[in-house]
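Residue-level structural notes
Here are the chains, one letter per residue:
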Amino acid sequence: KNLPYFCRGEVVRGFGRGSKELGILTANFTDSVVELLPGDISTGIYYGWACVDNGDIHKMVMSIGCNPYYNNAKKSMETHVIHTFKEDFYGQILSVVLVGYIRPERSYDSLDALIAAINHDIEEAKRKLDLPEHLKLKKDNFFIASA
Ligand code: ADP
Ligand code: MG
């Protein structure tokens with residue numbers, strides 16, 4: 001019921017796990033963006049649209065929560081943009097709209113199982129975002145206004 005949810009903020013450094021261990025980069029929002037989340041938004045994996053500064057709008061998957069596999073104490077919002085960027089974008093403004101919910105967070109027995117689950121989420125996000133009702137949000141003024 002909180003969807004679609006629009007937000008934007010600065011990309012900050014996380015634990016540096018994305019690239020090293022998972023091979024899947026996840027851009028972390030500043031705490032101020034995390035604190036603005038509605039209190040009743042479910043933790044878990046979401047899909048939606050994202051853009052960096054005034055760049056193109058890409059599909060994304062986002063995890064909201066405490067990453068049970070790693071057991072972090074603090075809630076985070078980590079976005080994997082489904083696009084290959086030439087460079088990092090730390091310090092830049094990431095704008096996202098959360099469009100749909102994929103699944104709750106859970107822990108995994110192995111890193112391979114976690115990676116497989118994320119890749120599965122990415123495929124589901126790609127498919128779902130091609131639906132007309134979701135493509136529509138890509139054209140939302142929210143992204144135009146940030147240009
Ligand atoms: P951190 O722990 O600092 O989040 P990661 O290894 O998860 O480190 O890498 C995330 C960083 O990689 C992002 O902050 C961003 O600057 C960069 N990056 C490059 N391509 C992408 C992408 N497709 N999706 C998310 N982040 C990306
Ligand atoms: Mg990360």
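Summarised in this report is the structure supplied together with it.

Procedures and definitions
Residues numbered from 1 in each chain as written. Chains lettered and ligands numbered in written order. Predicted model: local features only at pLDDT ≥ 70, side-chain atom pairs only at ≥ 80, totals over all residues. Heavy atoms only, no water. Phe/Tyr/Trp six-rings, centres within 6.5 Å; stacked < 30°, edge-to-face > 60°. Helix = DSSP H or I, 4+ residues; strand = E, 2+ residues; numbered from the N terminus. Buried < 20%, exposed > 50% of the residue type's maximum accessible area, 1.4 Å probe, protein only. Lys NZ or Arg CZ within 6 Å of the ring centre and 35° of its normal. Donors = N, O, S within 2.8 Å, 3.2 Å for Na, K, Ca; no water.

Remarks on the packing of aromatic side chains
A full pass over the atoms with the stated rule returns four aromatic pairs. A centroid spacing of 5.0 Å and a plane angle of 70° characterise the contact between tyrosine 46 and tyrosine 101, whose relative ring orientation is edge-to-face. Taken together, the residues span a long stretch of sequence, with tyrosine 46 in strand E3 (residues 44-52) and tyrosine 101 in strand E6 (residues 93-103) at a distance of 55 residues. A relative accessible area of 3% means that tyrosine 46 is categorised as buried. Taking the relative accessible area as the measure of exposure, tyrosine 101 reaches 33% and is therefore partly exposed. Through a chain of ring-to-ring contacts, the aromatic side chains of Phe6, Phe142 and Phe143 assemble into a single cluster. For the cation-ring pair, arginine 8 lies above phenylalanine 142, with the distance from its terminal atom to the ring centre recorded as 4.1 Å.

Description of the coordination of the magnesium ion (ligand 2)
Bound to the magnesium ion (ligand 2) are the protein donor atoms Thr26 (O) and Thr26 (OG1), situated 2.2 to 2.3 Å from the metal. Here threonine 26 shows up in the loop between helix H1 (17-22) and strand E2 (27-29).

Limitation: the analysis is restricted to geometry and does not speak to function.
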